[in-house]
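# Chain and residue survey
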2 protein chains.
Amino acid sequence: MEDTVTDRDSAPQTAPDTAPEAAPETLPETPPEAASGAGFAPRTDVQAIERGDRFAPRFDAAGLMPAVVQDAATGQVLMLAYMNAEAVRRTLATGEAHYFSRSRNALWRKGERSGHVQKLVAMRTDCDQDTVLLTVEQTGPGACHVGYRSCFYRRLAGDPQAPGLVTEGAPAYDPDRIYAKEAP
Amino acid sequence: MEDTVTDRDSAPQTAPDTAPEAAPETLPETPPEAASGAGFAPRTDVQAIERGDRFAPRFDAAGLMPAVVQDAATGQVLMLAYMNAEAVRRTLATGEAHYFSRSRNALWRKGERSGHVQKLVAMRTDCDQDTVLLTVEQTGPGACHVGYRSCFYRRLAGDPQAPGLVTEGAPAYDPDRIYAKEAP
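Right, let's walk through the structure included here. (Residues numbered from 1 in each chain as written. Chains lettered and ligands numbered in written order. Predicted model: local features only at pLDDT ≥ 70, side-chain atom pairs only at ≥ 80, totals over all residues. Heavy atoms only, no water.)

### Focus: the relation of the copies chain A and chain B
- Screw-axis analysis of chain A against chain B gives a translation of 0.0 Å along the axis, an RMSD of 0.0 Å, and a rotation angle of 180°. The transformation relating the two chain copies, once decomposed into turn and shift, fits a two-fold axis. Rotation axis and chain A: the residue whose C-alpha lies nearest the axis is A:Gly75, separated from it by 2.8 Å.
- A share of 100% of interface residues in chain A that are also interface residues in chain B marks the association as one of identical surfaces. (Least-squares fit on C-alpha atoms with pLDDT ≥ 70 in both. Contact = heavy atoms within 4.5 Å.)

What follows is the structure, given as structure tokens:
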């Protein structure tokens, strides 16, 4: 436990592998006001969180959790966004992906202006319920505002100390045409 | 822009879709001491970050960024973890996934004790370079400490206001046998 580099495997009782935040003392971190967590289950104990059949999400201090978004048809990871409690609820209720913009401090429905909405196929959560995975049907040519199908269009390469980026593939659409279409 | 629910599509200049954190005023957020970013490119402008060929990661105030981990063979999303600058460098240098444990405040090599190491196939970053996607060869039966192949073994179902969780599939291994093997 004193090593600089250890696996959480070395301390299964307190910090099991893949559950860095599941330590019992940190479980009740979701601030009720930020989560607006009415309806979501309380985070009472590790057993219920890891094995239970109730959604007991852990939001961070800002009331958010990361959402990995995966293309249902291809398995491609399209993007990573953030959700608050309301975004989770609206996504489940409407069947269209909603996220929370940290820069604009507002809820948004993906594709509202571009038309590239994401239809929800399934939403899953992970062992410690501090992340969700959305499987979606991506409508339109792509999920990324830069014009690519996926936001992950560049691969790290070269010197591990100073990696370069290699762009893979071609853009799926011209974002200037999509985003400028309502401009005067 | 005043709507409660808007798409970032509605403000492409300031908050483009899928790039909630790419607003110019927030670009230089990576604290140099937290990132230990020697070798990584500076985050100078949106064009370089979104289109450039240098890795210019944005770490949060704690020096971390989320890492989505995907199985190279199946496309399954295995887990979400966090990396600091050193975890990125060690992963690239060794070819084995390293992460940073927020609960233990320490770097760890995935699978160090369980043996379920993740061999790096490719590492990608997203448009605003605040997330990485690792494609890995998952050795051993699974990535999740609970015993499943993937941490995302439960699907949300039922009332959007109070979702339940449905466990999908069966565990891939018995974690008690893996994690107890060094116990007295």
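Anyway, onward from the coordinates.
### Considerations on helix α3 (residues 85-94) of chain A
- The complete set of buried residues in α3(A) reads A:Ala85, A:Ala87, A:Val88, A:Arg89 and A:Thr91.
- Two residues or fewer past α3(A), A:Gly95 is found with a positive phi of approximately 80°. (Buried < 20%, exposed > 50% of the residue type's maximum accessible area, 1.4 Å probe, protein only. Helix = DSSP H or I, 4+ residues; strand = E, 2+ residues; numbered from the N terminus.)

### Remarks on the interface of chain A and chain B
- Residue-level contacts link 84 residues of chain A with 85 residues of chain B.
- Across the chain A/chain B interface, buried area totals approximately 7300 Å², and carbon plus sulfur atoms make up 56% of it.
- Applying the counting rule to chain A against chain B returns 4 salt bridges.
- Counting the contacts that link chain A with chain B gives 30 residue pairs in polar contact (both at pLDDT 80 or more). (Buried area = accessible area lost by both parts, 1.4 Å probe. Salt bridge = Lys/Arg side-chain N within 4 Å of Asp/Glu carboxyl O. Polar contact = N/O pair within 3.5 Å; in protein donor to acceptor, adjacent residues only side chain to side chain.)

### Description of the environment of A:Ile49
All names here are of chain A.
- Turning to its location among the elements, Ile49 is positioned in helix α2 (residues 46-51).
- Note on Ile49: relative accessible area 2%, which makes it buried.
- Separated by 10 residues in the primary sequence, Ile49 and Phe59 place their C-alpha atoms 13 Å from one another.

### Describing the state of the cysteines
Residues and elements named next belong to chain A.
- Taken as a whole and judged by the stated rule, the model has 0 disulfides over all chains.
- We note that Cys144 lacks a disulfide partner, and the nearest cysteine sulfur, in Cys151, lies 3.7 Å from it.
- By relative accessible area, which is 0% here, Cys144 ends up buried.
- Given a relative accessible area of 1%, Cys151 falls into the buried group. (Disulfide = S-S within 2.5 Å.)

### Regarding the side chain of A:His116
Residue and element names in this part refer to chain A.
- In this structure, His116 sits in the loop between β4 (106-109) and β5 (118-125).
- Polar contacts involving the side chain of His116 include one to the main-chain carbonyl oxygen of Gly142, which spans 3.3 Å.
- Leave out the neighbours within four places in its chain, and His116 touches Lys110, Gly111, Gln138, Thr139, Gly140, Pro141, Gly142, Tyr173 and Ile178.

### Structural notes on the environment of A:Gln70
- Along the chain, the position of A:Gln70 falls in strand β1 (residues 65-71).
- Looking at A:Gln70, the relative accessible area reads 10%, which means it is buried.
- Each C-alpha atom, one on A:Gln70 and one on A:Ala122, is 9.9 Å from the other, the two residues being 52 residues apart in sequence.
- Excluding its chain neighbours within four sequence positions, the residues that come into contact with A:Gln70 are A:Gly75, A:Gln76, A:Val77, A:Leu78, A:Leu133, A:Leu134, A:Thr135, A:Val136, B:Gln70, B:Gly75 and B:Val77.
- A distance of 2.9 Å separates a polar atom in the side chain of A:Gln70 from the backbone oxygen of B:Gly75.

### Section: the pattern of salt bridges
- Tallied over the entire structure, the rule returns 16 salt bridges over all chains.
- B:Glu168 serves as the salt-bridge partner of B:Arg155, at 2.9 Å between the closest nitrogen and oxygen. Taken as a pair, B:Arg155 in strand β7 (residues 154-157) and B:Glu168 in the loop between β8 (164-167) and α4 (175-179) lie far apart in primary sequence, 13 residues in all.
- B:Arg155 sits in the partly exposed class, given a relative accessible area of 29%.
- The network of salt bridges with common partners includes A:Glu86, A:Arg89 and A:Arg90.

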